[in-house]
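Listed below, chain by chain, are the residues.
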Amino acid sequence: MLIVMLLPNSRTEPDGSAVVRVLGYNIRSLQDDFEALARVIRACAPDLVLLQEAPRFFRWRKKLARLAAATDLVILTGGATAAGPAVLCSLRATVERTEDVLLPLTPGQHRRGLATAVVRFGGARLGVLACHLSLVAAERQDQSGLLLDRLAKMGVEHAIVGGDINEGPEGPAFRRLADALQDGYATAPWGGEHTWSATEPHRRIDAIFATPGIEVLGCGVPLDQPGVTEADLRAATDHRPVLAALKIPATA
């Protein structure tokens, strides 16, 4: 008999610490099967969704609001104001502040940015950062450093980063992030590993990272999540999502 390990559900502990479910997902500007995408996100029951390639052109707010409504979430920050990254959250989150940051523009390349926020779940205070790094290796390496600099300036003890890194764990930008933060899948592998592409997954270029004080309870592509089907993963967008369950200590 096949035994499937389920990720812990969201909860707040008596000591104020919180188990938080975080989903990272490149949604390709909602160009694919919207209903399949919404089904995947709802089935993962996330507290936070860190998006890449969120809508950022004509009526982008309306399109992002439609996705939030279809998944029982609300828009926290990002979209066009962060050049693509965005964050959705459940009503469980208490929002302290948000800030969207544009990274330096390299001529001939897409503008990149960071969607950031500080939120609370129970007694746990958490920094949140969504990113989508460059397709160009040198620029990607620079952006990984700028990302860590921004994280350090957020003034939080505990933080998470979710994004499309555009390279695998062997790449220098990915390694730079993994040296400073916990790579969720490497720390507590769960579900599937490869996120690219959705139809022929063979590379892990999307990841969720956490600062050292956070306990990673499980992280990976939600192949074992009830309600997530292979058909929906293939139809929703061109990447597969990353789902993590994280235990955030209470803030002293």
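Structure's up top.
It should be emphasised that the depicted structure is a prediction, and the values quoted were computed from it without experimental measurement. (Residues numbered from 1 in each chain as written. Predicted model: local features only at pLDDT ≥ 70, side-chain atom pairs only at ≥ 80, totals over all residues. Heavy atoms only, no water.)

1. Notes on the overall build of the protein chain
In terms of helices and strands, the protein chain carries six helices and 13 strands. Over its C-alpha trace the protein chain gives a radius of gyration of 16 Å, about what one expects of a compact globule, namely 18 Å for 252 residues. In terms of overall dimensions, the protein chain has C-alpha extents of about 50 × 45 × 35 Å along its principal axes. A burial count over the protein chain gives 55% of its 252 residues as buried. Counting only contacts in the protein chain whose residues sit at least 6 apart along the sequence, the fraction spanning at least 24 positions is 71%. (Helix = DSSP H or I, 4+ residues; strand = E, 2+ residues; numbered from the N terminus. Rg over C-alpha atoms; globule rule 2.2 N^0.38 Å. Buried < 20%, exposed > 50% of the residue type's maximum accessible area, 1.4 Å probe, protein only. Contact = heavy atoms within 4.5 Å.)

2. A closer look at the side chain of Arg 21
Mapped onto the fold, Arg 21 is located in strand 2 (residues 18-26). Buried charged residue Arg 21 carries no salt bridge. Nearest counter-charge: Asp 47, at 6.1 Å. A distance of 2.9 Å separates a polar atom in the side chain of Arg 21 from the backbone oxygen of Cys 44. (Lys, Arg positive; Asp, Glu negative; His and termini not counted. Salt bridge = Lys/Arg side-chain N within 4 Å of Asp/Glu carboxyl O. Polar contact = N/O pair within 3.5 Å; in protein donor to acceptor, adjacent residues only side chain to side chain.)

3. Looking at the sheet that holds strand 6 (residues 94-102)
Ordered in space as 6-7-8-9-11-10, the six strands form an open sheet in which the pairing is mixed. Single-partner strands in this sheet number two, and they are strand 6 and strand 10 (182-183). Direction of pairing for strand 10 relative to strand 11 (residues 206-210): antiparallel, over a ladder of two bridges. What sits directly across from Gln 182, in strand 11, is Ala 210. Sitting on the sheet, helix 3 (residues 137-152) touches strand 6, strand 7 (113-121), strand 8 (124-132) and strand 9 (159-164), and the angle it makes with strand 8 is about 160 degrees. Helix 4 (residues 172-180) contacts strand 10 and strand 11 of the sheet and is inclined by roughly 25 degrees relative to strand 11. (Pairing = 2+ DSSP bridges. Axes fitted to C-alpha atoms, helices over the stretch in contact; angles between N-to-C directions.)

4. Points about unusual backbone geometry
Comment: phi is negative for the bulk of residues other than glycine, and the bulk of peptide bonds are trans. Between Trp 196 and the following residue, Ser 197, the backbone shows a cis peptide bond with an omega angle of -10 degrees. Residue position: Ser 197 is located in the loop between helix 5 (184-187) and strand 11. Phi at Arg 28 is positive, roughly 50 degrees, even though this residue is not glycine. The class of Arg 28 is partly exposed, set by a relative accessible area of 26%. Phi at Ser 29 takes a positive value of approximately 55 degrees, unusual for a residue other than glycine. Under the relative-accessibility criterion, Ser 29 is labelled partly exposed at 31%.

5. Comments concerning the nonpolar core
Membership of the largest hydrophobic core comes to 29 residues, with the highest contact counts inside it found for Leu 48, Leu 126 and Ile 160. Put simply, the parts of the chain that give this core at least two residues each are strand 2, strand 3 (48-52), strand 5 (86-89), strand 7, strand 8, strand 11, strand 12 (215-220) and strand 13 (242-248). With sequence-adjacent residues up to four places away left out, Leu 126 is seen in contact with Leu 48, Ala 117, Val 118, Val 119, Phe 121, His 158, Ala 159, Ile 160, Ile 214 and Ile 248. Counting residues in each nonpolar core, the second largest holds 27 residues, with Leu 37, Val 40, Ala 54 and Leu 64 among its members. (Core = buried A, V, L, I, M, F, W, Y, C linked by side-chain atoms within 4.5 Å.)

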